[in-house]
Amino acid sequence: MRAVSPLGLRVTRRGFLRAAAVAGVGAALPPRSSRAADARIDVLASEPIGPVTADFYGHFVEHLGGVVYDGLWVGENSRVPNTRGIRQAVIDHMRRLPAGPIRWPGGCFADSYDWRDGVGPAGQRPRRTNFWANDMASLPDGAGKYDPNTFGTNEFMRFCRLAGGAPYLAANLRSLPPRDFYQWVEYCNSPAGSTTAAQLREQGGERDPFRVRYWGVGNESWGCGGNFSPEDYAVEYRRFTAWVPRFGVNLAFIGSGPNGGDLAWTRRFLAKLTERGEGALGSLWGWALHNYSWNTSRGATTDWTAGKGDALQFTTDEWYELLNEADRMEGLITGHWAVMGEVDRRHRVKLVVDEWGTWYRAGTAVDPSHLFGQQSTMRDALVAALTLDTFHRHADKVAMANIAQLVNCLQSLFLAHEDRFLATPTFHVFELYGAHVGGQSVRTMVSAPRIGYQRVNAAGSLWGLGGSASIKDRTLTLTVVNPHVSDARDTEIAIRGAAPAGVRATTIAAGQLAAHNTFEQPRAVEPRETSAGPIAGGTFVHRFPPASVTRLTITLT
Ligand code: AHR
């Protein structure tokens, strides 16, 4: 296959490998490097995969526990610094990240939400029992349990503007008819003054349309979103998308896809959707995949509750097991992609991984009202890094991804309670990896000794080094995860098809696997510049510390 490299070189993979062999690269390494290295990374600069966009760095804000109320929304009259009710610290930190899309209002909550409850004068909005109230039965009463609807569509759009991310709205398919969906589209997108909905929007202070492009059609329709069969959901999906007003916006509908590895959900949905022709694929821009890394029982159980481990207390075997859980993303993407290709032969529909992250048992939330609140350690940093690397490596298949969730819930970027705030190690990975955005992902081959560990009835193993690379102008960004709990990895790095001139390294590493940031010590884990290079003979050796995430910024001649 012929490809144009991001550097403008025209090469074939076979041609390059042949040329490399003739020139001796890949066979005999420079003596100094080969003595030093016990692992190799070959970046194939001439093998583009696809663009890395900010859409891979998306977020998720659900009306769940302390995400919206306390986390994001503190109120306009709060003593907590805010911009028109939205926590200033979140806004400031979001601006340091790629401007990824923000999914709202759920999650499971979305299929119980009536958008009309959250528009119009704030003082007149109804108070409703939150979808998660049953799970919160033992927790204190508050806005998480009885939603005051102070934070509605206009407030969410305000947040998107302040944070710099595009809105991605999830429509209620379980408990409202399609009319409510397209009228929400009308509320958001109809031109100023054109419809009653546009006037309502304007009365709330928003004259101009929001021009929302991304719309989720239900959420987890196999579960909390209605317990549908894939066939029944496909019928609903067709009904919901049959007519929706465009208002000049290129609407992108996202179907409620599988739970993890449920290939049958993907296969049966697509078969039913297209039973009268492949034209129906035109209504499906993205296919949502959800996957959480949660089971640290190492094979002892698949029970959703019993299998979960603690966010802060874990053994090294549990460390590796959780990283393996996250590494399943690779097979989930390729597996569902192959099944999608059985019907969508031209692969018009892309994957949208709109819920991913770690999920531990309760006990480490910064406030008892934060349902599913949990701490985030170096282990979460590695989960975030290896997952983002996976998305980059599949930039031709993945169109969007949204980590769950932004603040105070699951693998959060931020933890906040009242006037206290911290950025987690996961935030730092997002910021570090943001350098990839705008680049072209290129094929990267990593070889390192696998790591063995103990599962309950068998030996487990994990790769010894992982990563991804992208090229933007004359800069190559290479991000690398070393999962080994105690061994540094000396690695020979070669850039095939381009010549490196200089290299800088930034690393997130901590002495403790469970190192994390607290309100008292908010900077315990953060990136640090480290030494890198020198480059000799077009290659260099880099030492990746144990349990670390590293970004190498490589200047190309
Ligand atoms: O992110 C928490 C919940 O997990 C979401 O509401 C739901 O979609 C998923 O099951």
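Asker: Go over the overall build of the protein chain, please, and point to the residues and values.
Answerer: Helices and strands together make up the secondary structure of the protein chain, namely 11 helices and 27 strands. Against the globule reference of 24 Å for 557 residues, the protein chain gives a C-alpha radius of gyration of 24 Å, in line with a compact fold. Overall, the C-alpha framework of the protein chain stretches about 75 × 55 × 45 Å when taken along its three principal axes. Buried residues in the protein chain amount to 59% of all 557 residues. Taking the contacts inside the protein chain whose residues are at least 6 apart along the sequence as the reference set, 77% of them involve residues at least 24 apart. Placing the 58 positive and 53 negative side-chain charges of the protein chain at their respective mean positions leaves the two points 7 Å apart.

Asker: Any chance you could break down the sheet that holds strand β11 (residues 214-217) for me, citing the residues and the numbers?
Answerer: The strand order β4-β7-β10-β11-β12-β13-β14-β15 describes an open sheet built from eight strands, whose pairing is parallel. Edge strands, defined here as strands with exactly one partner in the open sheet, are β4 (59-60) and β15 (398-403). Bridging between β4 and strand β7 (residues 102-104) involves two bridges; their strand directions are parallel. Directly across from His59, in β7, lies its bridge partner Ile102. Across the sheet, helix α9 (residues 316-343) touches β13 (286-293), β14 (350-358) and β15, and the angle it forms with β13 is around 160 degrees.

Asker: Pulling in residues and values, what's your account of the packing of α9 against helix α10 (residues 378-393)?
Answerer: Interhelical geometry of α9 versus α10 gives an angle of 15 degrees and a closest axis separation of 10 Å. Viewed along their axes, α9 and α10 adopt a mutual orientation that is roughly parallel. For the element pair α9 and α10, the recorded crossing hand is right-handed. Contact with α9, carried on its side by Glu318, Trp319, Leu322, Leu323, Ala326, Asp327, Met329, Glu330 and Ile333, involves Met378, Arg379, Leu382, Val383, Leu386, Thr387, Thr390, Phe391 and Arg393 of α10 and no other residues of that element. In the contact of α9 with α10, the residues fall into 11 nonpolar, two polar and five charged.

Asker: Give me unusual backbone geometry: which residues, what numbers.
Answerer: Note the cis peptide between Trp104 and Pro105, where omega equals 5 degrees. The residue Pro105 is located in the loop between β7 and β8 (128-129) in this model. One non-glycine residue, Arg298, lies in positive phi territory at about 60 degrees. With respect to the secondary-structure elements, Arg298 resides in the loop between β13 and α9. You will see that Glu418, though not glycine, has its phi angle at about 50 degrees, which is positive.

Asker: An account of the state of the cysteines is requested, with residue identities and associated values reported.
Answerer: Within this structure, the stated rule accounts for one disulfide. The partner cysteine of Cys108 in its disulfide is Cys224, sulfur to sulfur 2.2 Å. Sign of the S-S torsion, about -85 degrees for the bond between Cys108 and Cys224, identifies this disulfide as left-handed. Here Cys224 lies in the loop between β11 and α7 (230-241) and Cys108 lies in the loop between β7 and β8, a separation of 116 residues in the sequence. Left unpaired, Cys188 is separated from the closest cysteine sulfur, that of Cys160, by 10 Å. The exposure class assigned to Cys188 is buried, which follows from its relative accessible area of 0%.

Asker: Lay out the site of the ligand in plain terms, naming residues and giving numbers.
Answerer: With respect to spatial proximity, 13 residues lie near the ligand, and among them Glu62, Cys108, Glu220, Tyr292 and Glu355 are the closest. Glu355 places a polar side-chain atom, nitrogen or oxygen, 2.7 Å from an oxygen atom of the ligand. Between the ligand and Gln405, the relevant distance is 3.0 Å, taken from an oxygen atom to a side-chain nitrogen or oxygen of the residue. For the ligand, the protein covers 93% of the area, taking 280 Å² as the surface of the free molecule.

Asker: Before we move on, can you summarise the pattern of salt bridges with the specific residues and values?
Answerer: Tallied over the full model, the rule gives 29 salt bridges. The salt bridge involving Arg161 is made with Glu206; its shortest N-O contact spans 2.7 Å. Of this pair, Arg161 sits in helix α4 (residues 153-163) while Glu206 sits in the loop between α6 (196-203) and β11; the two residues are 45 residues apart in sequence, bridging distant segments of the chain. In this structure Glu206 comes out as buried when scored by relative accessible area, which is 9%. Taking the shortest distance from any N to any O, the salt bridge between Arg528 and Glu526 comes out at 3.9 Å.

Asker: Tell me what's going on with the packing of α7 against helix α8 (residues 263-273), and back it up with residues and numbers.
Answerer: Direction vectors running N to C along α7 and α8 enclose 45 degrees, while the axes themselves pass 8 Å from each other. Considering the angle they form, α7 stands oblique to α8. Of the two possible hands of crossing, α7 and α8 adopt the one that is right-handed. Counted together, Pro230, Glu231, Tyr233, Ala234, Val235, Tyr237 and Arg238 of α7 and Ala264, Trp265, Arg268, Phe269, Lys272 and Leu273 of α8 form the full contact between these two elements. Here the residues of the contact of α7 with α8 are counted per class, giving nine nonpolar, no polar and four charged.

Asker: Tell me about the nonpolar core, and name the residues and values.
Answerer: Membership of the largest hydrophobic core comes to 127 residues, with the highest contact counts inside it found for Phe159, Trp215, Trp356, Phe391 and Phe414. Among the elements that line this core, the one with the most residues is α9, at 11 residues. With residues up to four places along the chain from it excluded, the contact list for Trp215 reads Tyr168, Leu169, Phe181, Trp184, Val185, Cys188, Asn189, Leu251, Ala252, Phe253 and Ile254. Listed in part, the 21 residues of the second largest apolar core include Leu465, Leu476, Val480 and Ile554.

Asker: Requested: an account of the sheet that holds strand β25 (residues 528-530), with residues and values cited.
Answerer: Consider a sheet: its strands pair through backbone hydrogen bonds, and that pairing is either parallel or antiparallel. The nine strands lie next to each other as β25-β24-β27-β22-β21-β18-β3-β23-β26, forming an open sheet whose pairing is mixed. The sheet terminates laterally at β25 and β26 (539-544), the two strands that pair on one side only. Recorded for the sheet is a direction-independent mean angle of 25 degrees between the axes of neighbouring strands. Sheet topology places strand β21 (residues 466-472) next to strand β22 (residues 475-482); seven bridges connect them, and they run antiparallel. For Gly467, the partnering residue across the bridge sits in β22 and is Val480.

Thresholds applied
- Residues numbered from 1 in each chain as written.
- Predicted model: local features only at pLDDT ≥ 70, side-chain atom pairs only at ≥ 80, totals over all residues.
- Heavy atoms only, no water.
- Helix = DSSP H or I, 4+ residues; strand = E, 2+ residues; numbered from the N terminus.
- Rg over C-alpha atoms; globule rule 2.2 N^0.38 Å.
- Buried < 20%, exposed > 50% of the residue type's maximum accessible area, 1.4 Å probe, protein only.
- Contact = heavy atoms within 4.5 Å.
- Lys, Arg positive; Asp, Glu negative; His and termini not counted.
- Charge placed at Lys NZ, Arg CZ, Asp CG, Glu CD.
- Pairing = 2+ DSSP bridges.
- Axes fitted to C-alpha atoms, helices over the stretch in contact; angles between N-to-C directions.
- Parallel < 35°, antiparallel > 145°, perpendicular 65-115°, else oblique.
- Left-handed = near helix turned anticlockwise from the far one by under 90°.
- Nonpolar A, V, L, I, M, F, W, Y, C, P; charged D, E, K, R; others polar.
- Disulfide = S-S within 2.5 Å.
- Near = heavy atom within 4 Å.
- Polar contact = N/O pair within 3.5 Å; in protein donor to acceptor, adjacent residues only side chain to side chain.
- Areas by Shrake-Rupley, 256 points an atom, 1.4 Å probe, with all protein chains shown as cover.
- Salt bridge = Lys/Arg side-chain N within 4 Å of Asp/Glu carboxyl O.
- Core = buried A, V, L, I, M, F, W, Y, C linked by side-chain atoms within 4.5 Å.

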